[in-house]
Amino acid sequence: MIATAAPTSTKVVRGVTLHGEPAREAIFNVVSTDAEMAEWPGMSDESRRERLHRHMNNECVAMEIASQAVADFPDAPWDLRMSIARQAADESRHVEILYRRLLELGGRKGEFPVSNYEWSVTGMIDNLPGRLAIENRTFEAGLIDILGQLKTTWREAGDDRTADALEAILADEITHVRFANRWIKLLTERDPRVLLRVAQAIRYLRAVNAALAPEVGSVNAVGVTLTEEKVQPPAVNVSGRLEAGFTEEEVLEVLRQAGFRSIIPEQLRTT
Amino acid sequence: MTLNVRERADTIGTLRHISVFAMETLARWVPTTPELEAKIVLGRHIWEFAQHADGLGRRTHELRAAMHYSPAPTDPYVAILEEWRALTATADRIGTLYDAIIPDLDARYAAYLAATDVFLDEPSVRIVERNRADLPRMIEESRALRKERPELAASPAAAAMARRLAACTEYVSFRAPVGSTAERLA
């Protein structure tokens, strides 16, 4: 028997039904699409603050997703609940790290629009293996790729403090993906129907992505045109994904989807 | 007279029940609490309660009950917990957690240490001592939060809940002794 938990509220965006927003202070402008965000290319002072602000909110969403999973699935194996509870605490720490850095750079919460996209998608999945597949194995694995790239971007921009913070966050995210990979495998071995739930969750995510994907040529809230490069998936962090428990075949598949753009693993760089 | 093995398992298991209840309550509150700084503290403390529950749950098995045995407390205590979980105002959530629930839990841990045999039940004692050591830090973090967000400092519900908890002295639903009529009929 796979326990289920229905969403408590919903919203419809571009014809897709998503989970309603988590609680936010009125100071935040919560939006639903990329076009409503205020992202700038490059590393201007404003762009740096916006990047930190966006990342801070995304970590907050990850904390909320993990917390909701702890609340929604009381009958899940205790050791899995422990891992999710730990994840909630890790994400809490990430929010605080990024919030402090934002303040140090002269920013403030609510300075830019935020999107709770991952919450809106994951909250519609009524079972724990499906949520782990979406949040940990997909979104957080994507974050491994993004952070692999971003820490270099910040360092090259002369901000070692932020780069160091991102490196620490990356190590935690690898752990979150790893435990999800391990548990999905274990739960599937115990009950093959779990695989069906995971496949349904991934199918839902694909449908949402197809409906909400940013369109090349569209203009965002600060007048920046979304380019082909911007909508491309990030370079794949091969070593990070392997550490997180993905098989070589799975990493290869992600590489194919990313057009074989990858961050070269450290062990290969030194040879 | 000190607690026997069965009573120790019941008490440790009940303390685990309370820790799991707290973990789940904080987990429910994180997405429904608007203030960012409050979310951060609550999110961090989910893990603290999870670790407390984990240690207690492993001990129950050593005390000849099931692994992670977590019997519900007495009805009056459960009623307080349910009312606590239903709070919606952030100041009340923070106030009741850090000024009522956690100090009360600390008092119940202290009462357990006073009631058990510290030598015969040393593993429980160590677990309880470790859990207790976390509680002042958690309260201190809530103080920092309330200093940063002074509007969260005043909770009308906290003092009332602390009084009700203090009045609820019997919180463990002990199983009937082995071989008793009640146990044979169960």
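Above this note sits the structure.
Structural notes, computed from the coordinates. Counting of residues starts from 1 at the beginning of each chain's written sequence and follows it residue by residue. Chain letters and ligand numbers both follow the written order, the letters beginning at A and the numbers at 1. Only residues with pLDDT of 70 or above have their local features reported here, since the model is predicted, and side-chain atom pairs are shown and tallied only from 80 upward, although totals for entire chains, interfaces and linings are computed over all residues. Think of the side-chain values as coming from all heavy atoms in the structure, minus any hydrogens and water.

Thoughts on the overall build of chain A
Part 1 of the reasoning: Of regular secondary structure, chain A possesses ten helices and six strands.
Part 2 of the reasoning: Every radius of gyration here is taken over C-alpha atoms, with the globule rule written as 2.2 Å times N^0.38, N being the number of residues. In terms of overall size, chain A behaves like a compact globule, its C-alpha atoms giving a radius of gyration of 18 Å where 271 residues would be expected to give roughly 18 Å.
Part 3 of the reasoning: With respect to the principal axes defined by its C-alpha atoms, chain A has extents near 50 × 50 × 35 Å.
Part 4 of the reasoning: Going through the 271 residues of chain A one by one, you find that 53% of them count as buried.
Part 5 of the reasoning: Note on contacts: a residue pair is in contact if any heavy atoms of the two residues lie within 4.5 Å. In chain A, the share of contacts with a sequence separation of at least 24, taken over all contacts with a separation of at least 6, comes to 74%. Starting at the N terminus, helices and strands are each numbered in turn, a helix being any DSSP run of H or I of at least four residues and a strand any DSSP run of E of at least two. Note on classification: 1.4 Å probe, protein chains only; a residue is buried when its accessible area is under 20% of the maximum for its type, exposed when over 50%, partly exposed between these limits.

Overview of helix H1 (residues 5-32) of chain B
In an α-helix there are 3.6 residues to a turn, and that puts residues three or four apart on one side.
All names here are of chain B.
Part 1 of the reasoning: What a helix should span is 1.5 Å times the count of its residues minus one. With 28 residues, H1 extends 41 Å from end C-alpha to end C-alpha; this agrees with the ideal 40 Å at 1.5 Å per step.
Part 2 of the reasoning: When you tally the buried positions in H1, you get 22 out of 28 residues, the bulk of the element.
Part 3 of the reasoning: Any pair of nitrogen or oxygen atoms within 3.5 Å is treated as a polar contact; in protein, a donor-acceptor pairing is required on top of that, and neighbouring residues in sequence qualify only through side-chain atoms on both sides. Capping of H1 at its N-terminal end is provided by Asn 4; its side-chain oxygen lies 3.1 Å from the backbone amide nitrogen of Arg 6.

Focus: the side chain of Asp 104 of chain B
Residue and element names in this part refer to chain B.
Part 1 of the reasoning: With respect to the helices, strands and loops of the structure, Asp 104 is situated in helix H4 (residues 90-115).
Part 2 of the reasoning: Of the polar contacts made by the side chain of Asp 104, one reaches the side chain of Arg 108; its length is 2.7 Å.
Part 3 of the reasoning: With near-sequence residues (within four places) excluded, Asp 104 lies in contact with Tyr 77, Leu 165 and Ala 166.

Section: the interface of chain B and chain A
Part 1 of the reasoning: At the junction of the two partners, chain B supplies 27 residues and chain A supplies 28 residues.
Part 2 of the reasoning: Buried surface area refers to the total accessible area, computed with a probe of radius 1.4 Å, that the two partners give up upon joining, counted for both partners together. Overall, the association of chain B and chain A removes approximately 2,200 Å² of surface from exposure, summing both partners, and the carbon and sulfur fraction of that is 67%.
Part 3 of the reasoning: Considering only the side of chain B, the residues that lose the most area to chain A are Pro 31, Leu 36 and Trp 47 of chain B, jointly responsible for 28% of the buried surface there.
Part 4 of the reasoning: Just to be clear on terms, a salt bridge is a Lys or Arg side-chain nitrogen sitting within 4 Å of an Asp or Glu carboxyl oxygen. Between the two partners, chain B and chain A, sit six salt bridges.

As for the nonpolar core
Part 1 of the reasoning: Nonpolar cores are built from buried Ala, Val, Leu, Ile, Met, Phe, Trp, Tyr and Cys residues. Side-chain atoms within 4.5 Å join them into one set. By size, the foremost hydrophobic cluster in this structure holds 111 residues, and its most contacted members are Ile 84 and Leu 132 of chain A together with Phe 49, Trp 84 and Leu 97 of chain B.
Part 2 of the reasoning: Residue contributions to this core peak at twelve residues, all from H1 of chain B.
Part 3 of the reasoning: Domains are outlined according to an automatic or database domain assignment. No fewer than three residues from each of domain 1 (15-233) and domain 2 (235-271) of chain A sit in this core.
Part 4 of the reasoning: Setting aside chain neighbours within four positions, we find Leu 97 of chain B in contact with Leu 26, Leu 42, Phe 49, Trp 84, Ile 102 and Pro 103 of chain B.
Part 5 of the reasoning: One finds Val 13, Leu 18, Ile 134 and Phe 139 of chain A within the second-largest nonpolar core, a separate group that totals twelve residues.

Some details on the pairing of strand E1 (residues 10-13) of chain A
All names here are of chain A.
Part 1 of the reasoning: Residues Lys 11 and Val 13 line the buried face of E1, whereas the alternating positions Thr 10 and Val 12 sit on a face that is not buried.
Part 2 of the reasoning: Here E1 pairs with strand E2 (residues 16-19) via four bridges, running antiparallel. Among the inter-strand pairings, Val 12 is bridged to a residue of E2, identified as Thr 17.
Part 3 of the reasoning: What makes two strands pair is DSSP finding at least two bridges between them. Linking two consecutive strands that pair antiparallel, namely E1 and E2, is a turn of two residues; a positive phi of about 45° is found at Arg 14 within it.

Details of a nonpolar patch on the surface
Residues and elements named next belong to chain B.
Part 1 of the reasoning: There is a patch of nonpolar side chains on the surface, built from Val 118, Phe 119 and Leu 120 and spanning about 370 Å² of accessible area.
Part 2 of the reasoning: Here Leu 120 is to be found in the loop between H4 and helix H5 (122-148).
Part 3 of the reasoning: Assessed through its relative accessible area of 58%, Leu 120 is described here as exposed. Here, patches come from residues exposed beyond 30% relative accessible area and free of salt bridges, joined within 9 Å for like charges and within 5 Å for nonpolar side chains (Val, Leu, Ile, Met, Phe, Trp, Tyr). All accessible-area figures derive from a Shrake-Rupley calculation using a 1.4 Å probe, and residue coverage is judged against the displayed protein chains alone.

Some thoughts on empty space enclosed by the protein
All names here are of chain A.
Part 1 of the reasoning: Definitions used throughout: a 1 Å grid over protein atoms alone; a cavity as a set of points that fits a 1.4 Å probe which cannot get out; a pocket as an open set with protein on both sides within 12 Å along at least five of seven lines; a lining residue as one with an atom within 4 Å of a point. Grid points are joined across faces, edges and corners, and a volume is the space filled by probe spheres set on the points. Enumeration over the complete set of coordinates arrives at four cavities of 30 Å³ or more.
Part 2 of the reasoning: Along its surface, the largest cavity is lined by Ile 65, Ala 66, Ala 69, Ile 84, Gln 87, Leu 128, Arg 131, Leu 132, Glu 135 and Asn 136.
Part 3 of the reasoning: Residue assignment for the lining of the largest cavity shows that the elements contributing at least two residues are helix H1 (45-72), helix H2 (78-104) and helix H4 (128-156).
Part 4 of the reasoning: With five residues, H4 is the single largest residue contributor to the lining of the largest cavity.

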